Amino acid sequence: MRHTVHVPMRWSDMDAYQHINNVAFLGYFEMARVNLFFEHPTHDEKTGMRRGLVVHSHEITYKRSVLYDADPLEIQVWVSTIRAASFTCHYELFDHGRLAVTGSTVLVPFDFALERPRRITPDEKAFLLRYADEPAA
């Protein structure tokens, strides 16, 4: 199942060519990720990812330019490749219904008190499996 988030563009996200700057999209993906893992109303301390995550890596593909608009962007987010101590979060960003940017982030659960990665708990894995899907081809 995919989680859908509507993310507003900021005027300051524009570049000199009046397109949304490429780095802004990682921020949009982060907003969608935070909405799913930390703000989603079904979360609790057992099933959400509130214990902490760090980014291992990002991958992003730009399919078309996005011009600033007051209408929000739609981001669909889902997970795959759930391992013992990492998982992949995927994104598809739509501008007025047209696919504009795709991406993925490998995330690692992290114990900030011990300053080291940790394993995904069974409750966290069950939560992640609710949003498991395969990336579009």
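Residues numbered from 1 in each chain as written. Predicted model: local features only at pLDDT ≥ 70, side-chain atom pairs only at ≥ 80, totals over all residues. Heavy atoms only, no water.

Q: So, the overall build of the chain: which residues are in play, and what are the values?
A: Scanning the chain from N- to C-terminus turns up 2 helices and 6 strands. Traced from its N-terminal end to its C-terminal end, the chain shows the element sequence β-α-β-β-β-β-β-α. Taking the intrachain contacts of the chain between residues at least 6 apart in sequence as the baseline, contacts between residues at least 24 apart amount to 65%. (Helix = DSSP H or I, 4+ residues; strand = E, 2+ residues; numbered from the N terminus. Contact = heavy atoms within 4.5 Å.)

Q: Residue-level account of the nonpolar core, with values.
A: With 28 residues, the main nonpolar core has Tyr28, Phe37, Ile75, Phe87 and Leu93 as its most contacted residues. When residues of this core are traced back to their parent elements, those giving at least two are β1 (3-7), α1 (24-39), β3 (73-80), β4 (87-95), β5 (98-111) and α2 (122-130). Once you skip the residues sitting within four places of it in the chain, Ile75 turns out to touch His3, Thr4, Val5, Val7, Tyr28, Phe29, Ala32, Tyr91, Glu92 and Leu93. (Core = buried A, V, L, I, M, F, W, Y, C linked by side-chain atoms within 4.5 Å. Buried < 20%, exposed > 50% of the residue type's maximum accessible area, 1.4 Å probe, protein only.)

Q: I'd like to hear about the pairing of β3, residue by residue, with values.
A: On any regular strand, side chains alternate: one points to one face of the sheet, the next to the other face. With 7 of 8 residues buried, β3 lies mostly within the body of the structure. Bridge count between β1 and β3: 5 bridges; the pairing is antiparallel. Bridging across to β3, Thr4 finds its partner in Gln76. Looking at chain direction, β3 and β4 are connected through 7 bridges and run antiparallel. Note on β4: the bridge partner recorded for Gln76 is Glu92. Between β3 and the antiparallel strand that follows it, β4, lie 6 residues; Thr81 among them carries a positive phi value of about 50°. (Pairing = 2+ DSSP bridges.)

Q: Give me the side chain of Ser80: which residues, what numbers.
A: Tracing the backbone shows Ser80 in strand β3. Polar contacts involving the side chain of Ser80 include one to the side chain of His90, which spans 2.6 Å. Setting aside its immediate chain neighbours within four residues, Ser80 contacts Phe87, Thr88, His90 and Asp133. (Polar contact = N/O pair within 3.5 Å; in protein donor to acceptor, adjacent residues only side chain to side chain.)

Q: Requested: an account of the side chain of Thr88, with residues and values cited.
A: Within the secondary structure, Thr88 is located in strand β4. Accessibility expressed as a relative area gives 12% for Thr88, which makes it buried. The contacts of Thr88, once residues within four sequence positions are left out, are Trp78, Val79, Ser80, Thr81, Ser104, Thr105 and Val106.

Q: An account of the pattern of salt bridges is needed here, citing residue identities and associated values.
A: Taken as a whole, this structure holds 4 salt bridges when the rule is applied. Between Glu92 and Arg2 there is a salt bridge; the shortest N-O distance is 3.0 Å. Here Glu92 is found in strand β4, whereas its partner Arg2 is found in the segment before β1, with 90 residues between them in sequence. Here Asp133 ties to Arg2 by a salt bridge, and the two come within 3.1 Å at their closest N and O atoms. Taken together, the residues Asp133 in the segment after α2 and Arg2 in the segment before β1 connect sequence positions 131 residues apart. For Arg2, a relative accessible area of 25% puts it in the partly exposed group. (Salt bridge = Lys/Arg side-chain N within 4 Å of Asp/Glu carboxyl O.)

Q: With reference to specific residues and values, describe the environment of Glu59.
A: Within the element layout of this structure, Glu59 appears in strand β2 (residues 53-62). For Glu59, a relative accessible area of 55% corresponds to the exposed category. For the pair Glu59 and Leu26, spaced 33 residues apart in the sequence, the C-alpha separation amounts to 9.5 Å. Here Glu59 is in contact with Thr102, Gly103 and Ser104, once residues within four sequence places are set aside.

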